[in-house]
Each structure stands twice: as C-alpha cells, then as structure tokens.
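Working through the structure, step by step
Chain by chain, the residues run as shown.
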Amino acid sequence: MTAVAEERILLVEDDARIGANLVRALEHTGYVVSWTQTGAEGVGNATTTRPDLVLLDLGLPDMDGLDVCRAISHSNPDAVIIMLTARDEELDVVVGLDAGAVDYVTKPFKLAELLARVRAQLRRIPMSGESRSEGGLIVDPGARRASLNGTTLDLRNKEFDLLARLVVDIGRVVSRETLMADVWDEHWFGSTKTLDFHIAALRRKIDVDGAPSRITTLRSVGFRFEES
Ligand code: CA
C-alpha cells in the first residue's frame with residue numbers, strides 16, 4: 001500500500017507516544033507528515049503546509065478540538081479532516097462532522113484501520129465522462145462540479161462523489177454496500193453512519209424546502225436518486 005507521491009498529512013495530537021507511532025506509520029506508507037501537539041500550532045500549520053488530510057485529536061491541551069476543526073475547515077476547505085476521539089466524545093463526533101470533519105476514528109484504534117481510513121479518504125473516484133443533467137441539476141464529473149438551477153453547489157469531496165455515484169444510476173436503487181465501496185473504500189472497517197451523514201448533508205444542499213427529497217431512502221437497502 002504505497003501512497004501517491006507528495007500527499008501531505010497534518011497530524012494534530014498531543015499524546016507523544018500515539019503521535020510518534022502515527023508519524024512513523026504514515027511516513028512509512030509514503031505520506032509527507034507534519035505533526036503538531038497543540039491546536040494553535042495545528043491551525044497555523046494547516047495554513048502554511050496546505051495538507052490534503054488532517055488527523056485531528058479532539059482532546060487537545062490548549063484549544064477545544066472542535067474549534068480547531070472549524071478553523072482548519074474554514075482555512076482549508078479542501079482538506080479532509082478525520083477526527084480522533086475517545087469513547088466518551090460521541091456527541092463531539094456529531095458536532096465535528098457538522099464542523100467540517102468527514103470521518104472519525106475512536107481511540108484506541110488499530111493502525112491498519114486508521115491507515116485504511118486515510119487511504120479511503122484520499123482516494124478520489126476516478127470519474128470522467130459526460131456531465132449529466134436532471135431536473136435543473138447538472139453533475140460534471142470531469143470538472144468535479146455540480147450546479148442546481150444555474151447555481152454552483154458548494155459540495156465537499158465526498159458529497160460530490162456520492163452525488164455523482166447516485167446519478168449514474170438515476171431512478172434506480174444503489175445499495176449501501178455499493179456506495180460505501182465506490183465512494184469510500186472496498187474494505188470498510190467502520191460503521192456506515194458516515195454514509196447517512198453525507199446523504200443528509202447532500203439533501204440539505206440539493207433539496208428544496210417543503211418538497212420531497214430528490215434522494216429516497218430505502219431502509220437498510222440503499223438510496224435512489226429520483227428522476228424529476
Ligand atoms: Ca489528546
């Protein structure tokens with residue numbers, strides 16, 4: 001599992017042992033890693049090194065991890081943020097996902113699991129081909145751009161991938177397993193809560209208040225993007 005050259009990861013983790021182990025494993029995989037042990041340094045580092053991915057411990061000595069998450073998400077909207085949380089921080093996960101993080105890993109975690117999450121998040125669905133147009137919605141995989149009634153949608157990477165994958169099979173159900181495999185990774189270790197979170201985020205951006213959602217949930221089966 002060799003990483004694509006020059007993918008930059010910022011690790012914000014105050015625990016010296018966990019931090020050192022993670023840096024070693026990530027560098028061994030081929031990533032360029034910066035490590036800071038405080039939230040303030042993490043926020044500063046994110047602006048100077050422009051990481052592709054941020055591993056963010058929520059329990060930091062100087063700042064609330066959620067504030068760090070918000071600050072980095074604001075300064076680096078394209079950076080993928082994965083939170084590292086303790087078990088008693090479940091509520092923070094929900095807030096964190098809303099504050100710009102895309103995923104989380106609960107401590108203690110297995111290194112292999114964390115590396116798989118990192119790889120999954122950095123992987124972009126190789127997509128090309130014709131842009132698709134449906135009821136005012138235009139999805140252009142080549143340009144990685146989507147618009148609704150002429151207005152460009154501000155979609156995060158995984159939201160775009162999810163939307164693009166759903167419209168490939170417009171009018172047909174796409175199973176949860178297929179979405180997890182195509183948008184995230186074939187070997188998904190964690191829960192699929194992150195899928196539901198991204199569907200919800202996507203709905204907030206593409207649905208019209210009061211109208212039925214463009215995306216239908218088929219409980220425990222999958223999702224269908226409706227033809228208009
Ligand atoms: Ca900590």
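What counts, and at which threshold
- Residues numbered from 1 in each chain as written.
- Predicted model: local features only at pLDDT ≥ 70, side-chain atom pairs only at ≥ 80, totals over all residues.
- Heavy atoms only, no water.
- Donors = N, O, S within 2.8 Å, 3.2 Å for Na, K, Ca; no water.
- Buried < 20%, exposed > 50% of the residue type's maximum accessible area, 1.4 Å probe, protein only.
- Pairing = 2+ DSSP bridges.
- Helix = DSSP H or I, 4+ residues; strand = E, 2+ residues; numbered from the N terminus.
- Axes fitted to C-alpha atoms, helices over the stretch in contact; angles between N-to-C directions.
- Contact = heavy atoms within 4.5 Å.
- Core = buried A, V, L, I, M, F, W, Y, C linked by side-chain atoms within 4.5 Å.
- Domains from an automatic or database assignment.
- Buried area = accessible area lost by both parts, 1.4 Å probe.
- Salt bridge = Lys/Arg side-chain N within 4 Å of Asp/Glu carboxyl O.
- Polar contact = N/O pair within 3.5 Å; in protein donor to acceptor, adjacent residues only side chain to side chain.
- Nonpolar A, V, L, I, M, F, W, Y, C, P; charged D, E, K, R; others polar.

What follows covers the coordination of the calcium ion. As a benchmark, a tetrahedral metal site with four donors has ideal angles of 109.5 degrees, while an octahedral site with six donors has ideal angles of 90 or 180 degrees. Surrounding the calcium ion are the protein donor atoms D14 (OD), D57 (OD) and G59 (O), at 2.2 to 2.3 Å. Read in sequence order, the donor residues for the calcium ion give the motif D-x42-D-x1-G. Look at D57 and you get buried, because its relative accessible area is 5%. Classification of G59 as partly exposed rests on a relative accessible area of 33%.

Read across the sheet, 5 strands follow the order β2-β1-β3-β4-β5 without closing on themselves; strand pairing throughout is parallel. The two strands at the open ends of the sheet, each matched to only one other strand, are β2 (32–36) and β5 (103–106). Here the average twist between neighbouring strands, direction ignored, is 20°. Direction of pairing for strand β3 (residues 53–57) relative to strand β4 (residues 80–85): parallel, over a ladder of 5 bridges. Bridge pairing in β4 places L56 opposite M83. Across the sheet, helix α2 (residues 39–49) touches β1 (8–12) and β2, and the angle it forms with β1 is around 170°. Packed onto the sheet, helix α4 (residues 90–98) meets β4 and β5 and runs at close to 170° relative to β4.

The alternating pattern of strand β7 (residues 137–140) places L137 and V139 on a buried face and I138 and D140 on a face that is not buried. Pairing of strand β6 (residues 132–134) with β7 involves 3 bridges; the strand directions are antiparallel. The residue of β7 that forms the bridge with R132 is V139. Hairpin connection of β6 to β7: 2 residues between the antiparallel strands, including G135 at a positive phi of 50°. Pairing analysis gives 4 bridges linking β7 to strand β8 (residues 145–148), with the strands arranged antiparallel. Looking at the pairing, L137 lines up with L148 of β8.

Right, let's talk about the nonpolar core for a bit. Grouped together as the largest cluster of nonpolar side chains are 25 residues, with contacts concentrated most on L162, L163, L166 and F225. Those elements that place two or more of their residues in this core are β7, β8, α6 (157–168), α7 (176–184), α8 (193–206) and β12 (222–225). Aside from chain neighbours lying at most four places away, what touches F225 is E134, L137, L163, L166, V167, I170, G171, R172, I206, R214 and I215.

It is worth spelling out the sheet that holds β7 at this point. Overall, antiparallel pairing links the 4 strands, which are arranged β6-β7-β8-β9 in an open sheet. Single-partner strands in this sheet number two, and they are β6 and β9 (151–152). Here β8 pairs with β9 via 2 bridges, running antiparallel. Following the sheet pairing, S147 is matched in β9 by T152. The strands that α6 touches are β6, β7 and β8; relative to β7, the one it contacts most, it runs at about 105°.

Next up on the list: the domain arrangement of the chain. According to the domain assignment, the chain consists of domain 1 (8–122) and domain 2 (132–225). If you look at the interface, domain 1 gives 17 residues, while domain 2 gives 14 residues. Taking both partners together, domain 1 and domain 2 bury about 1200 Å²; carbon and sulfur atoms supply 48% of that area. Among the residues of domain 1 in contact with domain 2, V102, R117 and A120 are the three that bury the most area, contributing 33% of the side total. Summed over the shared surface of domain 1 and domain 2, the result is 1 salt bridge. Of the charged contacts in the structure, one is a salt bridge between R204 and D98, with a shortest N-O distance of 3.8 Å. Applying the counting criterion to the domain 1 and domain 2 interface returns 2 residue pairs in polar contact (both at pLDDT 80 or more). At the level of elements, α4, β5 and α5 (111–122) are the ones that each hand at least two residues to the side of domain 1 that touches domain 2. Looking at which element gives the most residues to the side of domain 1 that touches domain 2, the answer is α5, with 5 residues. Across the side of domain 1 that touches domain 2, the residue classes tally to 8 nonpolar, 3 polar and 6 charged.

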